[in-house]
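An overview of the molecular structure
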Amino acid sequence: MTMAACPGCIAGAPMAENRAPAGMPTHMLVLPTIHCSACIQAVEQALGARDDIVAARVNLSARRVAITATPGADPTPWISALANIGFEAHEARPGEVQTEDDGLILRLGVAGFAMMNVMLLSVAVWSGASDSTRDFMHWIAATIAMPAAIYCADPFFRSAWRALRVGRLNMDVPISLAIVLACGLSLYETMTGGAHAYFDAALSLTFFLLGGRVLETRMRRAARSAAADLAALEPHRVTRVTGQGHQSASVEEVRVGDVLWLAAGSRVPVDGVLQAATAQVDRSALTGESDPVAVGQRAVLTAGEVVLTGPVTMQARVDAKGSTLRRLVELAASAEGARSRYTSLATRAAGVYAPLVHGLSLAAFLGWWWGSGDAYHALTIAIATLIITCPCALGLAVPAVATVATGRLFRAGVLVKSETALERLAEVDTVVFDKTGTLSDSALVPPVDLSDEARAVLKGLAEASRHPLSRSVLGPLSDVRAAAIEDVDETRGRGLRGVWRGQPVGLGAADWLTGDGQGTVLQVGDCIYPLARREQAVTDAAQALDALRAMGLDVHILTGDTARIAQRVAATLEVRQVHAGVGPEDKQALIQSLQAGGAKVLMIGDGLNDTLALTEAWASIAPGTALEASQNAADVVLLGQKMLGVPLVLRIARSARRRILENFALAAGYNAVAIPLSLMGFASPLMAALAMSSSSLTVTLNALRTR
């Protein structure tokens, strides 16, 4: 039988942090009955022991577990394995977010009503009623209290039974024991005509424990998770255009190639392409950009965006499970189940603390029984010790702050997707920016005398790349039909090569394509066309860098561009430390060099040539316009293009670290006072329940100060 900490507490478990290999499928199981560290530890250990599961991480706030499994794994045996250890589980929609049981509110109301009525009856006994009058009052109290206690304490009883039947202990076991003993001994006293009954204490204990859980639930809802916000953006129903007309269907039924009809004001259900000539799209929910965007035919629409004009039709490029919105939901949910160094510390502390408290409670029982000879009084003190010293505050210290911080960042257009990002971002002292597409907007300008065939090749190559320089030529070529380029291959930081009509074509650095020269060129067979380049700092780059310097951070620019171009942008932004003409491996080496000197480097980049540096850095951020590879490598994604998101992320990360340390201090102070009081017999079970709930609420309210 294993010892564990209390319910409603710890969102972490002693499990080594690991990142699953890319490409392995992730499954989500909803766990409606979990609510404490004992549950989390049992679930993760049971799933982690299976050969077909690479990693399993429980998110307490969402009441679900994210499982990274081997290809082809079947979730059915996992559900059975969890049922065998006492946990209900079922597969979830990726966007589904579990909420707390609203039945707690009803149980709280019933407990409060019964408690007040029983206390009124107790007044008569306290006032001196005796003999038949006292017995009559006790019987009325029993009639009210017994069914109320059975109903209201049902969540504690069920949790305790699920733990005991599989050989585990959680904090609901002593809580249930306290309620059962108080009601049982009171009923015994009533039946034998005894002088004392404790129905009011049993109901008060139940009321305050339920009150604590309800209030913690409200605090979590006040710190609404980013995963819930994202999931709410997805419509549940769509209108498909078929040969039989318009048909309503579930978003889960959408398949690649389906044509969907969207009325004005409809939210895009899955990623796809616009079939109408033009449309106005609101992308504020995903990018933070408040102004509507005008798009044309074949423009890419992303799930979660709102089509302001309509009706229009779109063709689905992915199904619901593969949409960008679903991917962001999973990333956000992963971040909220954070496992940082602080979480591990809290979990280790609780793991040592729980058996220590159980030992102290047993010692209190034996000591008071030996000293007073009153076994019931000794048992009451032991139970009060178990309840009052529950490490709720310690367990909530990290997950409450993580949920608040990630939620507030998301609402500001920032997605935190790494489990340890907030901790590492708070420790950053050096910021390294890639230049092109991050600090500066660069554009390639095609020659005015470029032939029609060369323009078509240029557009075909540009459409095959997501590098900002390549994409920049698409605007001037909007009226050109792109050439069909075959065997396109993109080299990080250099450019693209392909084949068109049997001849080599390319777009990229002159020395890479031709072996000589500078700048960017277009190659079409034996012809080489130089492309002019226009570059300027992005709108808010200077303001963002000023904010970073005001925070005491060292700022660098790292770019593959020539020193001349890099220095011109750096002078505009007043950055003195510039590293130009560096390739992907050189960028990685520079990050390694800075960190070898003791720096904690934050790397910000958007290109394929930045992925090594993003992975190497202490922490990393990618703009929302970055390549998918860069976004996958980064810890944080700026859903909008604004560089002001960078200082915002760092400010909230530092605030989150302060709140976590404050919560640890609050938890330590609470226990320093509570343990001696409970051992000396100054705390009844009722006082213990009130103190435990107060400590949990204190750290949760403190977490809401993260900003």
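Presented here is a report on the structure given in the accompanying data block. Every value quoted in this text rests on a predicted model; they were computed, and no experiment measured them.

1. Some remarks on the sheet that holds strand β25 (residues 601-604)
With mixed pairing, seven strands are arranged side by side in an open sheet as β15-β27-β26-β25-β16-β23-β24. Edge strands, defined here as strands with exactly one partner in the open sheet, are β15 (414-416) and β24 (577-579). Adjacent strand axes in the sheet meet at a mean angle of 20°, parallel and antiparallel pairs treated alike. Looking at chain direction, β15 and strand β27 (residues 636-638) are connected through three bridges and run antiparallel. Bridged to V414 within β27 is L638. Each of β15, β16 (430-434), β25, β26 (619-623) and β27 touches helix α23 (residues 645-679); the most contacted strand, β27, lies at about 140° to it.

2. Structural notes on helix α6 (residues 172-191)
In an α-helix there are 3.6 residues to a turn, and that puts residues three or four apart on one side. An ideal rise of 1.5 Å per residue puts 28 Å on 20 residues; α6 measures up with 28 Å between its terminal C-alpha atoms. Buried within α6 are the following residues: D172, V173, P174, I175, S176, A178, I179, A182, C183, S186 and T190. Two residues or fewer past α6, G193 is found with a positive phi of approximately 75°.

3. A closer look at the sheet that holds strand β11 (residues 293-296)
Read across the sheet, four strands follow the order β8-β13-β10-β11 without closing on themselves; strand pairing throughout is antiparallel. Unpaired on one side and paired on the other, β8 (266-267) and β11 mark the two borders of the sheet. The sheet contact formed by strand β10 (residues 278-282) and strand β13 (residues 306-307) spans two bridges and is antiparallel. The residue of β13 that forms the bridge with D282 is V306.

4. Description of the packing of aromatic side chains
By the definition in use, this model includes one aromatic pair. Judged by centre distance (5.4 Å) and plane angle (40°), the rings of F365 and W369 are tilted. Here F365 and its partner W369 are both found in helix α11 (residues 341-372), four residues apart, which amounts to about one turn of the helix. Taking the ring centre of W512 as reference, the NZ or CZ of R497 above it sits at 3.9 Å.

5. Things to note about the pattern of salt bridges
In total, this model carries 14 salt bridges according to the counting rule given. Put simply, D434 and K587 hold a salt bridge, and the shortest N to O gap is 3.2 Å. Of this pair, D434 sits in strand β16 while K587 sits in helix α20 (residues 584-596); the two residues are 153 residues apart in sequence, bridging distant segments of the chain. Put simply, R107, D154 and R158 are held in one network by salt bridges that share partners.

6. Considerations on the environment of V404
Relative to the assigned elements, V404 resides in helix α13 (residues 392-411). The exposure class assigned to V404 is buried, which follows from its relative accessible area of 3%. Distance from V404 to T706, taken between C-alpha atoms, is 6.9 Å for residues 302 residues apart in sequence.

7. As for a nonpolar patch on the surface
On the surface, V673, L677, M680 and F682 cluster together into a nonpolar patch covering about 390 Å² of accessible area. Tracing the backbone through its elements, the reader meets L677 in helix α23.

8. Notes on helix α3 (residues 103-126)
In a regular helix each residue adds 1.5 Å, so 24 residues correspond to 34 Å; α3 covers 34 Å between its end C-alpha atoms and thus fits that length. Where α3 is concerned, the buried positions are L104, R107, L108, A111, G112, A114, M115, V118, L121, S122 and V125. Phi turns positive one or two residues past the end of α3, at G128, with a value near 115°.

9. Quick word on the nonpolar core
Counting residues in hydrophobic clusters, the biggest one holds 48 residues, and the most contacted among them are L425, V431, F433, L548, L602 and L650. Sorting elements by how many residues they give to this core places α23 first, with eight residues. With residues up to four places along the chain from it excluded, the contact list for L602 reads L425, V428, T430, V431, V432, A619, S620, I621, V646 and L650. L121, A145, C152 and V214 belong to the second largest nonpolar core, which has 38 residues in total.

10. Notes on unusual backbone geometry
In the Ramachandran plot, R298 falls in the positive-phi region, its phi being about 70° despite a non-glycine side chain. On the secondary structure map, R298 appears in the loop between β11 and β12 (300-301). By relative accessible area, which is 52% here, R298 ends up exposed.

Here is what the cut-offs are and how they apply
Residues numbered from 1 in each chain as written. Predicted model: local features only at pLDDT ≥ 70, side-chain atom pairs only at ≥ 80, totals over all residues. Heavy atoms only, no water. Pairing = 2+ DSSP bridges. Helix = DSSP H or I, 4+ residues; strand = E, 2+ residues; numbered from the N terminus. Axes fitted to C-alpha atoms, helices over the stretch in contact; angles between N-to-C directions. Contact = heavy atoms within 4.5 Å. Expected span 1.5 Å × (residues − 1). Buried < 20%, exposed > 50% of the residue type's maximum accessible area, 1.4 Å probe, protein only. Phe/Tyr/Trp six-rings, centres within 6.5 Å; stacked < 30°, edge-to-face > 60°. Lys NZ or Arg CZ within 6 Å of the ring centre and 35° of its normal. Salt bridge = Lys/Arg side-chain N within 4 Å of Asp/Glu carboxyl O. Patch = residues over 30% accessible without salt bridge, like charges linked within 9 Å, V, L, I, M, F, W, Y side chains within 5 Å. Areas by Shrake-Rupley, 256 points an atom, 1.4 Å probe, with all protein chains shown as cover. Core = buried A, V, L, I, M, F, W, Y, C linked by side-chain atoms within 4.5 Å.

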